Amino acid sequence: MTPRAPSSERAHRAGAAAGDVDRRGALRLMASGVALALASCGRPPEEVVPYVDMPERLTPGVPLRFATALPLGGYARGVIVTSTEGRPIKVEGNPRHPASLGATDVFCEAAVLSLCDPDRLKVVRRGDEIATWSAFEAALLGQMEQERARHGAGLRILTNRVTSPTLLRQIDALLKALPEAKWHRYEPIDDDAPLAGAAQAFGRPLTALPRFADARVVLALDADPIGAGPGQIRFGHDLVRARQSHSAQEFLRLYAVEPAWTLTGAAADHRVALHHALVRNLALAVAHELGAPSPDTPLPPDAARFARAAAADLKARAGQGLVVAGRRQPAEVHALCHWINAQLRAPIDYIAPVDPSSMSHNDSLRALADDIASHKVQTLVIIGANPAYDAPGDLHFADALAAVPFSVRLGSHDDETATRCTWRLPQSHPLESWSDLRAHEGTASIVQPLIRPLYDSRTAHQMLALVGGAAAGASLDQVRATWTPQAGGDLGGWWRRTLQDGVVANSAGKPVTPPSAKLPQVQPAGTPNGLSLALAPDPSLWDGGEANNAWLQECPRPFEKQVWGNALHVSEIDARRLKLEDGDVVRVQANGRTIEAPVLVRAGQAADTLAATLGHGRTHAGAIGNGIGFDVYALRRSDAPSRWAVDGVTLAPAGRRQNLLLAQHHFRLDGEAEDLQPRLTLAELAQGKHAPNAPSANPPTLLPPESRDTYAWAMVIDTTACIGCNACVVACQAENNVPVVGPAEIAMGRDMHWLRVDTYEVHGRPGFSPIPCMHCEHAPCEPVCPVAASIHDSEGLNVQVYNRCVGTRFCESNCPYKVRRFNFFGYADGAEYANLGAECVRAVFNPDVTVRGRGVMEKCTYCVQRISRARRAAEKENRAIRDGEVVTACEAACPTRAISFGDRNDPKAAIQAQRAAPHAYALLGDLGTRPRTTYVARLRNPNPDLGEAQA
Amino acid sequence: MPQLFRPYADTVARSVLVALLVLPFAGIALAYWTMRSNYITGETVTLEQPVPFSHAHHVGGLGLDCRYCHSGVETSAVAGVPPTHTCMTCHSQLYTQTAMLAPVRESLANGTPIHWNKVNRLPDYVYFDHSIHIAKGVGCSTCHGPVDRMRLMRQAAPLTMGWCLACHRDPAAHLRPPEKIFDTEWQPPADQAEQGKKLAAFYHVDNKHLTDCSVCHR
């Protein structure tokens with residue numbers, strides 16, 4: 001019998017066999033560990049890579065700014081884009097552009113991210129296979145030869161709205177060369193009804209541009225001029241400008257009647273919720289007060305009282321009153337409004353429509369669908385449009401596309417339409433293209449690229465050139481060819497000046513004197529029966545084209561602050577009747593189609609009215625946008641009277657629930673809504689009523705007073721001016737590298753937006769308060785940080801030093817305003833949501849701002865990088881920073897100038913007056929935090945005849 | 001019965017007790033000393049470069065001004081390293097065949113930039129701006145050392161936060177007149193304290209708030 005080895009040795013050998021280390025191995029490992037640790041303690045190697053030939057004017061580290069224009073629904077907003085080392089990183093407004101006036105909206109701000117979207121179509125595809133442009137050009141050549149033989153009879157071009165003079169010129173030339181070809185244009189957010197209404201009233205289509213700055217009484221009939229859209233920035237600016245006065249005579253009084261909540265309704269002094277079909281009755285009632293004959297117009301009593309008061313107010317202010325109607329209202333209501341405005345001598349400019357195409361969007365698409373169905377279409381060229389997703393459901397456009405033998409789609413993504421076309425071609429993003437555009441009021445701008453095309457893409461101009469049989473050429477040449485006649489021989493100087501300014505001088509639509517408006521025959525509506533669904537463009541996604549933009553998906557919609565999806569808004573009255581709660585999923589059936597949607601109950605929505613936004617439920621948007629929300633386009637019908645209301649809707653419970661992601665509940669401040677967002681009427685203000693918690697009324701303290709030997713940065717936010725457009729939220733995200741966390745993290749309350757817009761409801765009226773960091777003079781977050789990462793600097797900023805932060809999160813819990821955000825995961829640095837960690841997305845980061853890693857606290861910094869840049873510039877010139885030189889990202893973005901930033905120690909600073917106003921207040925000021933961010937209370941100008949009982 | 005503990009067991013026990021008291025302090029001291037050593041800060045370490053560029057020859061010998069190559073230093077946060085074209089302003093005509101300059105010629109021919117190894121590295125969380133320092137009287141050689149005598153570039157200062165703070169707390173000791181900013185030979189004169197005070201007033205350098213965290217960390 002062999003002697004058994006000692007047990008220790010056996011165990012040792014067994015352990016060694018299992019992969020353990022012995023004493024020698026352990027020592028080796030320890031030594032290498034120490035060596036590695038020491039080696040990693042030094043500075044990591046870094047490379048400096050200069051240019052081979054540095055471009056002139058480009059100094060590394062100094063950003064350049066270029067003026068260009070970005071489209072929304074085909075209309076331009078002038079912007080100035082900041083570019084560092086050849087990469088566009090921030091979009092701001094162009095003060096010289098009438099549709100921007102220096103501000104932006106959410107879509108402008110998010111454009112830099114969609115430029116660097118990893119899901120963009122990068123290569124030419126023939127079906128699913130990768131092909132080349134030369135292969136496509138060869139195929140197109142053959143196809144177009146056949147088309148030319150039949151004068152283009154089988155050729156159809158489908159675009160979105162085109163306002164680009166160059167593209168219009170090219171399309172014109174193509175249609176002249178191929179007379180049988182047709183151009184269809186379809187914009188899902190259409191303006192068919194307003195143009196048809198103008199045609200009814202004036203005999204030809206005209207676009208009405210309300211001059212809110214000159215108006216004192218405005219009645220919005222199911223209209224949302226300050227809601228999302230190409231006119232939002234300008235209309236918001238003008239409307240709020242007219243609501244700055246403290247005199248009840250001068251303060252623009254806004255009346256709104258609408259089926260569901262809009263930003264205009266939220267801003268209104270008086271609002272009534274009314275079924276969309278009954279709005280015409282209210283219009284008729286108003287018209288009757290102004291002299292029109294009126295049949296019996298059944299209206300609920302509160303709406304009738306509202307109509308009488310609004311009409312009286314409008315009549316009393318002739319020349320300063322105007323009525324606007326929205327896209328949901330039929331053409332005859334628009335015509336009636338034109339008549340009413342004519343009686344009122346309303347401050348409205350009428351211009352020839354900027355979009356020269358005269359056919360209605362709906363009819364245009366229907367004609368194309370009919371042609372495809374009758375096999376008349378052999379060659380279909382789609383530029384930018386996505387009808388397979390956003391065409392009305394009854395056209396079954398996605399299936400129809402398969403019938404076209406040669407279909408070409410030039411677009412940004414491999415989306416619903418592209419995947420059903422023969423050829424999928426990558427389109428250049430506006431930030432990387434030469435082009436031109438017109439704004440909603442006609443001003444033209446040259447679109448100049450900020451960067452060379454990232455991928456092998458072409459612009460629409462190059463595409464049209466190919467279709468026309470020429471070489472693709474350069475868009476720059478095509479655009480210059482358009483504007484050479486205008487330049488009058490000085491193309492070089494004119495071109496440079498126009499590019500510098502960002503606007504083509506004197507190109508705004510010239511106001512025309514309209515013929516006298518005909519009073520239309522408007523049949524009053526009977527009491528509607530059954531539910532109807534009011535559709536609206538999504539405030540963050542517009543028509544769904546931007547569904548793959550993570551900043552927009554995570555941008556909380558106004559009011560309920562829903563993110564990552566849409567909901568079926570059900571009126572409180574109906575919800576009680578149908579026994580529905582937030583989150584219940586229902587089957588919505590209309591026009592033979594059924595979709596499933598989660599319910600969101602809304603107070604203040606008209607009875608028998610449902611509401612939903614477009615732009616969700618996409619199937620081929622990309623990693624970010626796929627499967628988010630439900631698609632309402634399916635319920636639209638091209639043969640219905642309106643694309644914006646679906647009647648005859650039935651609801652049935654689907655038997656399940658869905659979690660709605662509502663950011664409103666994430667950050668709760670302690671207090672009643674009346675105290676957190678004080679409201680005052682002008683009458684109360686005149687009587688001397690103050691807002692609670694004046695900025696200067698601070699509880700006593702033992703701490704030494706603030707030093708006055710340097711700047712003392714402060715911010716004032718005017719809650720009357722805030723319309724809730726969210727431009728500031730996305731601007732802050734773009735400027736400060738704020739990460740997107742995705743729906744799963746949002747569900748856990750880990751929203752990372754530094755700036756949020758809180759909605760408070762007082763007596764059924766919503767109001768918006770943007771909440772950045774307060775930069776409290778006695779900040780509760782500072783004494784509790786164990787490692788002094790949250791400290792005060794001498795200029796009054798509460799500074800968050802990321803490299804010191806160890807992630808205790810005591811500061812976050814101690815902040816009464818809940819403005820601090822913690823990186824629970826490496827949202828920007830290693831654990832990005834979906835494909836946002838791709839290399840191209842990192843090009844969007846602002847190099848002046850740290851990209852925070854996991855475990856680090858962050859919050860609004862008053863754009864300390866901008867303050868630092870201004871201070872360094874001023875120091876180099878041996879002067880002080882001028883008032884208005886530091887503009888925070890949120891302040892720059894705001895269309896209504898609701899946010900002001902300046903030096904509290906400067907007696908001449910613009911913010912002094914706002915801080916000292918009687919209705920200024922410090923949020924939660926009674927806590928003694930002494931916030932540097934103060935607010936101005938929300939004012940309204942109610943009509944004394946309507947009294948407080950009327951909402 | 002044999003002793004469980006050998007005679008040296010006492011010594012071992014006492015040594016362990018002493019070590020328990022002394023070693024932590026010694027260890028921390030060693031760590032602090034290591035972190036300040038050139039090994040960690042990189043001071044005096046000469047890094048390999050794709051081209052062995054000699055500042056001693058170009059600056060000391062030929063008298064090139066710093067700004068000829070580091071052109072961004074007065075306007076930008078980043079001083080910059082010259083593009084290949086700057087090298088080729090001379091080397092398209094001088095030393096056109098030397099093997100040492102082959103990477104430069106290749107860079108020009110192929111359009112690929114030269115990857116230099118950065119010598120004066122700061123962590124990413126430090127936002128340093130050259131232009132403001134130049135504007136306020138801090139000369140190049142104050143931080144970068146006697147570059148005109150360096151045959152190969154090395155880091156001449158520890159570039160630790162403490163080292164930066166030493167000047168931020170008392171800039172007057174390191175300021176120089178405007179015409180001497182790019183003078184690599186300048187040394188502080190004997191009366192620097194007095195001169196420095198005058199210069200600080202001239203440059204409007206106010207060191208009351210230079211040590212705010214937000215000046216460098218954002």
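The rules behind each value
- Residues numbered from 1 in each chain as written.
- Chains lettered and ligands numbered in written order.
- Predicted model: local features only at pLDDT ≥ 70, side-chain atom pairs only at ≥ 80, totals over all residues.
- Heavy atoms only, no water.
- Salt bridge = Lys/Arg side-chain N within 4 Å of Asp/Glu carboxyl O.
- Helix = DSSP H or I, 4+ residues; strand = E, 2+ residues; numbered from the N terminus.
- Buried < 20%, exposed > 50% of the residue type's maximum accessible area, 1.4 Å probe, protein only.
- Core = buried A, V, L, I, M, F, W, Y, C linked by side-chain atoms within 4.5 Å.
- Contact = heavy atoms within 4.5 Å.
- Pairing = 2+ DSSP bridges.
- Polar contact = N/O pair within 3.5 Å; in protein donor to acceptor, adjacent residues only side chain to side chain.
- Buried area = accessible area lost by both parts, 1.4 Å probe.
- pLDDT = per-residue confidence, 0-100.
- Phe/Tyr/Trp six-rings, centres within 6.5 Å; stacked < 30°, edge-to-face > 60°.
- Expected span 1.5 Å × (residues − 1).
- Bend = angle between axes of the 7 residues up to and from the residue.
- Axes fitted to C-alpha atoms, helices over the stretch in contact; angles between N-to-C directions.

## A look at the pattern of salt bridges
Residue and element names in this part refer to chain A. Going through the model one piece at a time under the given rule, you end up with 60 salt bridges over all chains. With a closest N to O distance of 3.5 Å, arginine 577 and aspartate 608 form a salt bridge. One end of the pair, arginine 577, is in helix α19 (residues 572–578); the other, aspartate 608, is in the loop between β23 (593–602) and β24 (609–613), and 31 residues separate them in sequence. Given the relative accessible area of 48%, arginine 577 is considered partly exposed. Since its relative accessible area comes to 22%, aspartate 608 is described here as partly exposed. Beyond isolated ion pairs, a larger network of salt bridges with shared partners links Arg65, Lys90, Glu92, Glu109, Glu735 and Arg866.

## Considerations on the nonpolar core
All names here are of chain A. Core analysis: the largest hydrophobic core is formed by 202 residues, its most contacted members being Leu221, Leu282, Leu533, Leu568 and Leu923. With eight residues, helix α3 (residues 106–115) is the single largest residue contributor to this core. Not counting residues within four places of it along the chain, the set of residues in contact with leucine 533 comprises Leu568, Leu610, Ala611, Ala612, Val632, Leu635, Trp644, Ala645, Val646 and Val649.

## Thoughts on the sheet that holds strand β27 (residues 713–718) of chain A
All names here are of chain A. Spatially, β34-β27-β36-β35 is the arrangement adopted by the four strands of the open sheet, whose pairing is mixed. Two strands in the sheet have a free side with no partner beyond their single neighbour: β34 (899–903) and β35 (920–921). Judged from the two bridges that link them, β35 and strand β36 (residues 933–936) form a sheet pairing that is antiparallel. Within β36, the residue paired with alanine 920 across the bridge is valine 936.

## Comments concerning the side chain of A:Ser445
All names here are of chain A. Counting through the fold element by element, serine 445 comes out in strand β19 (residues 444–447). Note on serine 445: relative accessible area 0%, which makes it buried. Side-chain polar atoms of serine 445 contact the side chain of histidine 97, separated by 3.1 Å.

## Thoughts on the interface of chain A and chain B
Taken together, the 41 residues of chain A in the interface contact 49 residues of chain B. Summing both partners gives a buried area of about 3800 Å² for chain A against chain B, and 55% of it is carried by carbon and sulfur. It is A:Arg43, A:Glu46 and A:Val52 that lose the most area in chain A upon contact with chain B, and together they represent 21% of the buried surface on that side. Viewed at the interface, chain B and chain A are joined by four salt bridges. B:Lys118 is the partner of A:Glu46 in a salt bridge, and the nearest nitrogen-oxygen pair spans 3.6 Å. Among the elements of the structure, α2 (23–41), β1 (47–48) and α25 (864–876) of chain A are those that each provide at least two residues to the side of chain A that touches chain B. It is α25(A) that contributes the most residues to the side of chain A that touches chain B, six residues altogether.

## Focus: the confidence of the model for chain B
Predicted coordinates in areas of low pLDDT are best not read in detail. For chain B, the average pLDDT comes to 93, and 100% of its residues sit at 70 or higher. In the predicted complex, the global pTM is 0.93; the interface-specific ipTM is 0.93.

## Thoughts on unusual backbone geometry
Residues and elements named next belong to chain A. You will see that leucine 101, though not glycine, has its phi angle at about 50°, which is positive. Overall, leucine 101 belongs to the partly exposed group, its relative accessible area being 21%. Although it is not a glycine, alanine 834 adopts a positive phi angle of roughly 50°. If you trace the backbone, alanine 834 turns up in the loop between β32 (821–822) and β33 (857–858).

## Observations concerning the packing of aromatic side chains
Residues and elements named next belong to chain A. Under the criterion given, the structure shown has 19 aromatic pairs over all chains. Here the aromatic rings of tyrosine 389 and tyrosine 633 are separated by 5.0 Å at their centres, their planes lie at 75°, and the arrangement is edge-to-face. Here tyrosine 389, found in helix α13 (residues 387–390), pairs with tyrosine 633, found in the loop between β24 and β25 (645–657); they are 244 residues apart in sequence, far enough to count as distant. Grouping residues by exposure puts tyrosine 389 and tyrosine 633 together as buried. Taking the centre distance of 5.0 Å and the plane angle of 85° together, the rings of phenylalanine 822 and phenylalanine 824 count as edge-to-face. Since its relative accessible area comes to 22%, phenylalanine 824 is described here as partly exposed.

## Describing helix α16 (residues 475–487) of chain A
An α-helix turns once every 3.6 residues. As a result, residues three or four positions apart point the same way. All names here are of chain A. A rise of 1.5 Å per residue sets the reference length of α16, with its 13 residues, at 18 Å; its end C-alpha atoms lie 18 Å apart and thus fit the reference within 8%. When the local axis directions of α16 are compared, the greatest deviation, roughly 35°, occurs at alanine 481, which is followed within four positions by the proline proline 485. Looking only at α16, the buried set comprises Ser475, Gln478, Val479, Thr482, Trp483 and Ala487. For α16, the secondary structure elements touched by its buried residues are α5 (165–177), β18 (435–438), β19, α15 (460–467) and α17 (491–501).

## Focus: helix α7 (residues 232–241) of chain A
Residue and element names in this part refer to chain A. For α7, a buried count of eight out of 10 residues is recorded, marking the element as mostly surrounded by other parts of the structure. Within α7, the full set of buried residues consists of Gln232, Ile233, Phe235, Gly236, His237, Asp238, Leu239 and Val240. Those residues of α7 that are buried lie in contact with β3 (75–84), β9 (207–210), β11 (253–258) and α8 (263–267).

## Observations concerning the sheet that holds β25(A)
Residue and element names in this part refer to chain A. The strand order around the closed barrel built from six strands is β20-β24-β21-β23-β22-β25, with neighbouring strands paired in mixed fashion. Across the sheet, the mean angle separating the axes of adjacent strands is 45° when strand polarity is ignored. Strand direction decides the pairing type here: strand β22 (residues 584–590) and β23, joined by six bridges, are antiparallel. Across the sheet, arginine 587 pairs through a bridge with glutamate 596, a residue of β23.

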